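So the chains spell out like this:
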Amino acid sequence: MLKKALIIGAGIGGLATALRLNHAGWEVTVLESSSVPGGKINEFRKEGFRFDTGPSLFTLPHLAEELFTLYGEDPKKHIPSSRLSNITRYFYPDGTQINAWQDPEKMSREVEQQTGEPGRHVLKYLKDARTLYALTAHTFIFQPFTFSHLVSRGALRTALNLHKLHAFKTMHQVNERYFSHPAVIQLFDRYATYNGSSPYKAPGTLSVIAHLEHNEGAYFPKQGMYQIVQSLYDFSKQKGVSYSFNDPVEEILVHDGRAEGVRSRSGIRKASVVVSNADVFHTWDRLVQHKRIPSRLTNQERSSSALIFYWGIKGVHPSLDLHNILFSGDYRSEFDHLFHKKELYSDPTVYLFISSKAVPGDAPEGAENWYVMINVPSGRVDRWDAGMVSRARKHILRKAERMLGISLSSSILFEEVLHPGLLEARTGTREGALYGNSSNS
């Protein structure tokens, strides 16, 4: 008789876990409160446009591909993707532009040509980021963070190279040590936002993220980011994983300290193993009855949230790439508003993702699909009314029109909005914190 496993949430972690347990011989059922799989990695279509609604860059693709190779399948058949030549195009208020080429040599030449920062500084930074990844990945990424792993041989090697981890400096301090030009420092400071943190508070160890993009490579699926979810979902169903959609879990049933099943909208299900892929606060606060949330979670600062506009845009803009950043003129002040004042900032850094640059079918001919995001404070999700969204929209439009030299307002054919309140309601993300807890410690 097969052992039964229940998974709460059909996000990317839930899908991956379902396949691994299925391959190990378990009978797996995934319960999802939404009507579709994906969680934060999702999509929607409107008036001939398609939008990826969540993450927009694919790094370490082998971690998804190995879910197919477990079964002897060729992953390229399921998730065909291409390595990006230019990862991001950066725009600065003074008119400077930098293309973040994936190739380190080309990136170093670009930085030197655009800013005067010696290219060798970029190469040194990326070389050290590679070393940092080699020292930390095994202990902190690919293993459970437990005492036994902290005293393993790999952890010992990490400890002996503690001076290379930048653990006692902030990311900004580390970047200032490598670079002198403010534009280059700001570019590499931005990597703190990849998990909703501040470069002025997060440890310099996070400079390892640059390694993933420039040394390992950044990728994009041929049909957009949601193709990852759709492929894993379809494949898992073929292998016998069961799904129950529109079926929110209301309680994890615990007996003598062990989870033994769940109570959901559809009833009570029993299992030997219960895996929660839901937000950790939602799991503790809503699903595990009569248990206090561990203080190690509540004492950590929450990550930033996001305000996202999905715009169907009339016209094509050759000056823009797949991924674009319109930088703030005062980065420190922006993060002060995000994490201290907990207020909207009038000159936010704007992230602009246009998947139709890589997937032409994502927008009608002569048009583009713009995913426009700014970082905003988490917490107080109830304050996101129409007035607050409208105020942020004005900041974005004013900035984009000034920095790109275009008339944007009249080009917007339609608009959809995702603010922190909706993010919490749709994904169970507490306080709209997009990445859970931040790394600001």
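To be clear, the structure that these remarks concern was listed above.
Note that the structure is a prediction, hence the values are computed from the model and not measured.

Q: Honestly, the pairing of strand 13 (residues 267-270) in this entry has me stumped. Any pointers?
A: If a strand is regular, its side chains alternate between the two faces of the sheet. In this structure, strand 12 (residues 258-264) lies alongside strand 13, joined through four bridges in antiparallel fashion. Directly across from Val 262, in strand 13, lies its bridge partner Arg 269. In textbook terms, the turn of a hairpin is the stretch between consecutive antiparallel strands, and for strand 12 and strand 13 this stretch comprises two residues.

Q: Help me understand the layout of surface pockets in this model?
A: By volume, the second largest pocket amounts to about 260 Å³. Contributing to the lining of the second largest pocket are 16 residues, with Pro 182, Ala 183, Gln 186, Ser 328 and Gly 329 lying nearest its centre. Elements represented by at least two residues in the lining of the second largest pocket include exactly helix 9 (182-189) and helix 14 (331-341). Counted by class, the lining of the second largest pocket contains seven nonpolar, five polar and four charged residues.

Q: How should I be thinking about empty space enclosed by the protein in this particular structure?
A: Any empty space left between the atoms is revealed when a probe the size of a water molecule rolls over them. All chains considered together, the criterion is met by two cavities of 30 Å³ or more. Empty space within the largest cavity amounts to approximately 50 Å³. Forming the walls of the largest cavity are Glu 334, Leu 338, Glu 343, Leu 344, Tyr 345, Pro 348, Ile 374, Asn 375, Val 376 and Pro 377. For the lining of the largest cavity, the secondary-structure elements that each account for two or more residues are helix 14 and strand 18 (367-376). Space inside the second largest cavity adds up to approximately 40 Å³. The wall of the second largest cavity is formed by Tyr 125, Asp 128, Ala 129, Leu 132, His 166, Tyr 178 and Ser 207. Here the element with the most residues in the lining of the second largest cavity is helix 5 (residues 119-141); it accounts for four residues.

Reading guide: rules and limits
Residues numbered from 1 in each chain as written. Predicted model: local features only at pLDDT ≥ 70, side-chain atom pairs only at ≥ 80, totals over all residues. Heavy atoms only, no water. Pairing = 2+ DSSP bridges. Helix = DSSP H or I, 4+ residues; strand = E, 2+ residues; numbered from the N terminus. 1 Å grid on protein atoms, 1.4 Å probe; cavity = no way out; pocket = protein on both sides within 12 Å on 5 of 7 lines; lining within 4 Å. Points joined across faces, edges and corners; volume = space filled by probe spheres on them. Nonpolar A, V, L, I, M, F, W, Y, C, P; charged D, E, K, R; others polar.

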